[in-house]
Structure formats: structure tokens, C-alpha cells
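# What the coordinates show
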Amino acid sequence: MIKDKMRIIVVGNGMVGHRFIEEILEKTNRENIQLVTFAEEERLAYDRVQLSSYFGGKSAEDLSLTSESHYQASGVQYFLNHQVIEIDRANKSVTTDKGETLNYDKLVLATGSYPFVPPIPGNEQPHCHVYRTINDLEAIADSGKSSRVGTVIGGGLLGLEAANALRQMGLETHVVEFAPRLMAVQLDEGGGELLRHKIEDLGVSVHTRKATECITSGDHCRYKLVFADGSELETDMLVFSAGIRPQDTLARQSGLDIGERGGIVIDDHCQTSDADIFAIGECALWENQIFGLVAPGYQMARVAAAVLCGGDGAFTGADMSTKLKLLGVDVASIGDAHAATPGAQTYTLSDGLKGVYKRIIVSKEGDRLLGAVLVGDVESYPELLQSMLNCLPLPEQPSVLLLPPAESEGGHSGAAMDALPDSAQICSCYDVTKGQIREAVAAGCCDMASLKSTTKACTGCGGCAALTKQVMDTELAAMGHEVNNHICEHFAYSRQELADIVRATRVKSFAELLESHGKGLGCDVCKPTIGSILASFWNDYILEPQHIGLQDTNDIYLGNMQKDGTYSVVPRIPGGEITPEKLIVLGQVAKDFNLYTKITGGQRVDLFGAQLHELPAIWRILVDAVRNRSCIREIGSNGKILCRFNLVQIWCR
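Conventions adopted
- Residues numbered from 1 in each chain as written.
- Predicted model: local features only at pLDDT ≥ 70, side-chain atom pairs only at ≥ 80, totals over all residues.
- Heavy atoms only, no water.
- Helix = DSSP H or I, 4+ residues; strand = E, 2+ residues; numbered from the N terminus.
- Buried < 20%, exposed > 50% of the residue type's maximum accessible area, 1.4 Å probe, protein only.
- Contact = heavy atoms within 4.5 Å.
- Areas by Shrake-Rupley, 256 points an atom, 1.4 Å probe, with all protein chains shown as cover.
- Pairing = 2+ DSSP bridges.
- Core = buried A, V, L, I, M, F, W, Y, C linked by side-chain atoms within 4.5 Å.
- Axes fitted to C-alpha atoms, helices over the stretch in contact; angles between N-to-C directions.
- Disulfide = S-S within 2.5 Å.
- Expected span 1.5 Å × (residues − 1).
- Parallel < 35°, antiparallel > 145°, perpendicular 65-115°, else oblique.
- Left-handed = near helix turned anticlockwise from the far one by under 90°.
- Nonpolar A, V, L, I, M, F, W, Y, C, P; charged D, E, K, R; others polar.
- Phe/Tyr/Trp six-rings, centres within 6.5 Å; stacked < 30°, edge-to-face > 60°.
- Lys NZ or Arg CZ within 6 Å of the ring centre and 35° of its normal.
- pLDDT = per-residue confidence, 0-100.
- Right-handed = clockwise from strand over helix to strand, strands pointing away.

### What to know about the overall build of the protein chain
Summing up its helical and strand segments, the protein chain has 20 helices and 31 strands in all. When the 653 residues of the protein chain are sorted by exposure, 50% land in the buried category. Expressed as a percentage of contacts within the protein chain between residues at least 6 apart in sequence, the contacts between residues at least 24 apart total 60%. In the form shown here, the protein chain has an accessible surface area of approximately 29,800 Å², with 48% of it arising from carbon and sulfur atoms.

See the structure below:
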């Protein structure tokens, strides 16, 4: 051990363990600290929140949160592929499965959680997976190559993420859920029902109220799920996503206090029953609660780092509200989503035509927001969340909160920002408050780039970007600066306002919107912006004559522009399944046009180095091959073929 330095060993290098290390590295008095971390996987921390994007083409490197060179430059000692199997509390040392033993002054357990696999007979057979790590995703992708049908057991957040992965692989996808609805923890009956309809419209079959009794050999597929009600479902592969359990085995073996249902017991300082051992993230149990989101884990990491560096810090719980996109469907849940508070009142807006469901839960007196459920339209999430967290007064008619901001009484921006206290947390990833943003603006941060650099707001998950900008704009206006949120000289509206207009008036083209709400001819700013809005709401074919002029370079030319001005072409190969004939066509294209090739994380063949004038010829060869049924895998009975951008539509007759 380095003399006069306090050695802190971090067991686990996931998102929370890595955040703890970064918190320590940012401390001004860290010179007297030596950091050591053990990672069970062969790679350092990566973004598990964005794990499903691996099937969308992102690589393990794209998801990485750090690098070996960064740790080396920062003096962080790291051990990959090392599982800590023993803690000797008496001698203050840890031992790994590789026989490595190190002493510690302080120990931080960031062991996270493990996937719960229901004890169903047959669950350990080949092609049965969990959805937790990049290695898991690689195994799922391998199974997908020899599968036609994939099934996810579990209809919660991770289960629907896994279903999206199977769908992206081109598999017939099923979701099996024991509860009566999807996302039963976060959504009420109305929200869960709309989410189900939207997901089924995408081609994913949903089976609720199903208890799987066993997994046997199938008649037409590899396996057969036998349910308690006597029904059956055949599938070629399975992904279990039925919840998580705290990874507390190491702590349990070392004699630390463990909760009745698992989890390492911690106090407000994230200390365990041993004052020299801390626990953070999903392995930690605070006030009999396990927090399964990354933001509470980050808060624990900040607290533990502050305490270990001699400062003040206390973990006092965390809000479990969440906003996300599942299989392209926007979903949000805030606070008491099930109206469990005695005397709670509810207001509901359900628009089946537009695919929108909103429900707010208010106190018995009608003066305080307790919770909300949003499906299909989550634009009001930031304002509703802040209203709930800060007990802001509600309008005289709370039902107006169900309306889009532009249609409610005066919107949500100005007055709502003034009502927020300076202590209101705007960015949960980095614990940035409204007061800190105001101070940064007063110190000269007049744009989002400088504000992000100074406060780190919006640099985590990015979900707070809109609210952060609102706070900045409100403060700039209060200081006498002119704040103009118009997207350009042709439209006197912000992007959000234009989206509201398109949604409310059902405008379907740029020309129509320009005539009714704009002026001039448009420009390179408003055209792609409005093109994106139109595509988001109406999902028209974007290369139709009325849309093509709005697209950016990549969408117009069906390729990704590279830094050197060339393009890459990425034909879609669902699940990586391809025949020799299909490979020959791709190889011939690469050879004829002298293209560099590689296999992407999403099991596609990426062809690099194409010149702009070569793109039509390349796609013509690929399309002609499709017509001859000899190239890219045909999807569905009608043979609809999609490139990565889902733009090329060829119908095999």
C-alpha cells in the first residue's frame, strides 16, 4: 500500500461504481487517496441504460463510459475479469477468484444486482438468456441467428427493452407477463392498456395474466411454454426479464447486515454495519428500499465520495419517477401513479384516435400534485415532475394540466419557473439545482454549451435538457437579456411550439405549415426540424416529393456521411442471419466499389468509402438483387426491404 495514502477499493465497475470513482477524482483533496477497482467483466464501465442501442448499431466502445487510458492517467488501478469472492474484515483485505489479495482502508461495494430468473422447469436450456450485460446481448444475437420466434418473459421496463431488441433482430416477438398489464409497477390500467395496443400495432404479441409452468420441446419451434391456464406458446429462444435482485452474496458471507428480502443495509452516509465498508447502487438497502434506477445510485455515489473525503453528505431517498421510450412509445410515470394516497382524486384524458393517455393524481384538497401517468405524449413530464417534487400550487382547475402546454392556462414556462425554489433539483444525474443554474447564468453562461460545461447539467442521460434551458432562458430574461426561442426567421415559434401546432392542427407537409404559420421560403434550419416533427407524428415515407427537400444529407442519400466526405452504406440484416448468396452480393458490391467493410454491433455489414455519385448505383445493385430474391433478407410476406434508415421500399410481386 502506498505510504500515507488511503486506499479505497471499489468492488464493481458498473455505472454507479464508475460514478463514485469520478466523484473522487473531482475532489480537490484526492491526492491522499489511492483508488482500486475490480470489474467482473472484461471491459470497464459502460452505459447499461442504453444497452438496447447495441442492436441498433452501437458498439461496446460506443457505450463505454471510460477507458483504460483515462484510468491510467488518473492513477486508478483496475482489475478486469476479477470477481471479489471474499472480504476479510478483520485484516481489511479482499481476495479475487484469480487469487489476488489486496488490503483496503475503506471498501465500497457497488456490486449492483442480478437478473431474477423464475424457477420454471426447463429454464436452463440452450437459447435461454437474461438481458443485463453486453455479453448477454452477444449471446442473444447468436441465438437469433438460428431462431425465427423470440419470447421475453417479463413485461416491465427491461422486458420491453429486450422485446425491442428481438424485434430489431427481425424475429417474431412475444412478451409474456404474469400481471394483468404491462409495466404494472409504473402504469395504471388505462396507461398499460394503451401501451399494449401501441406495442401490438408494431407487431409484438403481448400475453398478460400468464404464469409459465414449464418449458418443453416444441412441435414447430425449438421450445414450448406451457401456461397455468392450459394455453401454450411456441418459441425458438427465451429472454428472462422478470426483475432484479440485489447482488449481496459477498456482503452476506462477510457478516454485514442484510435485509430480510436481501440488500446490504446502509445508513444515510451509505455506510454498512461495518464503518469502513460502504455500499451504493442496486446492492444497497436504505430504509428497507432498493432503488433500481441509476439516478439514486449516482446520488449514493456522491454521498459516499463526500463522506470519504471528509465532507458532509446524506442520502435521504430518491424519487422513482421515470420517462422513457419503449419500442418507440413515449411513457412516463410520476410519484403516486396508482392513487394509493388516501383521499386522492384523479383526472384522466384518453384520446384513442391520437394514441394519448394522461392521468394526474392530486391531493384530497386538490391543491397538490401526487402523481401522473403519461403514455403517447410526455411533453408535460418535466413540469409535472417539478410540481410534484416541490409541492407547487395547482391551477384552480387541475384538469388543465392534462392539456398541451400551449393550450393550458398560459403554458408552464414562465410562472412555473418563478415558482420553483432554488433548491429544486433540475438534473438528477449530477444533482444540479435551479439555484446552481441561476448562479452559472449570472456568472456569464448564456448558452447551453457553457452551462453544461460549468454545471454538468444535461451531460448524463440528457432528460433534463428542456427544463434546464427553461431555467436558463427565464433567468436571462430576468436579467434583461432578450431571449428568442424562434427556430429561424421563417417561423416565430420554438421547436416545441411547432410540434404542438403540427399535432393539434394535423398539418402533414412543410408547405402547409409554412402557409399557415410561417413566412418566406424556409431554410436549412427550419426544413429538417419540421421534417423531423412531421416524421415523428405521421411517419410518412420521407422520400416522397413533399418531404425529400426537408431531409438532411444522410436521409436523402441513404448513407452515413463520414468525416472525409465519403459515405457508408448499411443494408439491414435482421439478427445477422444471412445466406451465402446474400453475402456474395454484398461482397461483390464492396469489391466493385473498393469499399472497406466491417460487421457492426447490430450484426449488419457496414460498407465504408462510397462516393456520393456511387450511392445510386450501389443501391440499384442491392435493390435488383432483392427483386431476384437473392440478397438482403425479406421481411414479412410482402417482401418489404429496408435499409438502415427504413427508406428503401421494394415490393416483391
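From this point, the narrative continues.
### Considerations on the sheet that holds strand β30 (residues 596-599)
If you walk across this open sheet you meet the 4 strands as β28-β29-β31-β30, and the pairing is antiparallel. On the outer flanks of this sheet lie β28 (560-561) and β30, each paired with one strand and no other. One ladder, built from 2 bridges, connects strand β29 (residues 567-569) with strand β31 (residues 605-610); its direction is antiparallel. The partner of V569 across the bridge, within β31, is L607.

### Details of the nonpolar core
Core analysis: the biggest nonpolar cluster contains 72 residues, and F20, L109 and I280 have the highest contact counts within it. For this core, the element with the most residues is helix α8 (residues 294-308), which contributes 7 residues. Excluding residues within four positions of it along the chain, L109 makes contact with V11, I87, L250, A251, L256, I264, I277, F278, A279, I280 and C283. Ranked by size, the runner-up nonpolar core spans 38 residues in total, among them L187, L194, V239 and V329.

### Digging into the sheet that holds strand β23 (residues 345-351)
Read across the open sheet, the 5 strands follow the order β21-β22-β25-β24-β23; overall the sheet is antiparallel. With one partner strand each, in any of the chains shown, β21 (322-326) and β23 form the two edges of the open sheet. Each strand of the sheet is rotated relative to its neighbour by a mean of 10°, with strand direction disregarded. Bridge analysis of β23 against strand β24 (residues 356-362) gives 7 bridges, and the strand direction is antiparallel.

### Quick notes on the state of the cysteines
What makes a disulfide is a covalent bond joining the sulfur atoms belonging to two cysteines. Using the criterion set out here, one finds 0 disulfides in the structure. Among the cysteines around C283, which has no disulfide bond, C270 carries the closest sulfur, lying 9.9 Å off. Overall, C283 belongs to the buried group, its relative accessible area being 0%. For the unlinked cysteine C458, the closest cysteine sulfur is that of C464, found at 3.9 Å.

### Overview of unusual backbone geometry
Non-glycine residue A339 carries a positive phi angle of around 55°. Unlike most non-glycine residues, D431 shows phi in positive territory, near 55°. Among the secondary structure elements, D431 is positioned in the loop between β26 (425-427) and β27 (432-433).

### Thoughts on α8
In an α-helix, one full turn covers 3.6 residues, which means residues spaced three or four apart are oriented alike. Between the first and last C-alpha of α8 there are 21 Å, a value that for 15 residues agrees with the 21 Å anticipated at 1.5 Å per step. The buried fraction of α8 is high, at 13 of 15 residues. Backbone geometry just after α8 places G310 at a positive phi near 85°.

### What to know about the packing of helix α14 (residues 495-505) against helix α16 (residues 526-538)
What describes two packed helices is the angle between their axes and the distance between those same axes. At a minimum axis distance of 10 Å, the contact between α14 and α16 shows a crossing angle of 40°. Put simply, α14 runs oblique to α16. The crossing of α14 and α16 is right-handed. Only T529, I530, S532, I533, L534, F537 and W538 of α16 make contact with α14, whose side of the interface consists of R495, L498, A499, V502 and R503. Grouping the constituent residues of the contact of α14 with α16 by class yields 8 nonpolar, 2 polar and 2 charged.

### Digging into the packing of aromatic side chains
The tally for this structure, following the rule as stated, stands at 8 aromatic pairs. Ring plane angle 70° and centroid distance 6.0 Å describe the contact between F491 and F510, whose orientation is recorded as edge-to-face. Of this pair, F491 sits in the loop between α13 (465-478) and α14 while F510 sits in helix α15 (residues 510-517), and the two are 19 residues apart along the sequence. The positively charged end of R19 is found above the aromatic ring belonging to Y430, 4.1 Å away from the centroid. Above the ring of W538, the side-chain terminus of K508 is found at 4.9 Å from the ring centroid.

### Considering the confidence of the model for the protein chain
Here the protein chain shows a mean pLDDT of 86. Residues at 70 or above account for 90%. For the stretch residues 406-412, pLDDT sits under 50, and the model shows 13 contacts to residues farther than four places along the chain or on other chains. Segment residues 629-653 is flagged for pLDDT under 50; beyond a separation of four residues in sequence, or across chains, it makes 74 contacts in the model.

### Quick notes on the environment of A39
Along the chain, A39 turns up in the loop between β2 (33-38) and α2 (60-63). Between the C-alpha atoms of A39 and Q83, which are 44 residues apart in sequence, the distance is 6.8 Å. Setting aside chain neighbours within four positions, we find A39 in contact with N13, F79, L80, N81 and H82.

### Structural notes on the pairing of strand β11 (residues 172-176)
Among the 5 residues of β11, 4 are classified as buried, and the element is accordingly described as predominantly covered. The pairing of strand β10 (residues 149-153) with β11 spans 5 bridges and is classified as parallel. What sits directly across from V149, in β11, is E172. Chirality of the crossover, the property in question, places the unit of β10, helix α5 (residues 157-168) and β11 among those that are right-handed.

### Comments concerning the packing of helix α11 (residues 434-442) against helix α12 (residues 448-455)
Their axes nearest at 10 Å, the elements α11 and α12 cross at an angle of 120°. In terms of axis orientation, α11 runs oblique to α12. For α11 against α12, the interelement crossing comes out right-handed. Note on element contacts: α12 touches α11 through L451, T454 and T455, opposite Q436, I437, A440 and V441.

### Focus: α16
Taking 1.5 Å per residue as the helical rise, α16 with its 13 residues ought to reach 18 Å, and the 18 Å between its terminal C-alpha atoms agrees with that figure. The set of residues buried in α16 consists of C526, T529, I530, G531, I533, L534 and W538.

### Overview of the environment of L225
If you trace the backbone, L225 turns up in strand β14 (residues 223-227). By relative accessible area, L225 is classed as buried at 0%. Taking the C-alpha atoms as reference points, L225 and E213, separated by 12 residues in sequence, lie 7.6 Å from one another. Among all residues touching L225, those that are not within four sequence positions of it are T151, V176, T212, C214, I215, S231, E232, L233 and L238.

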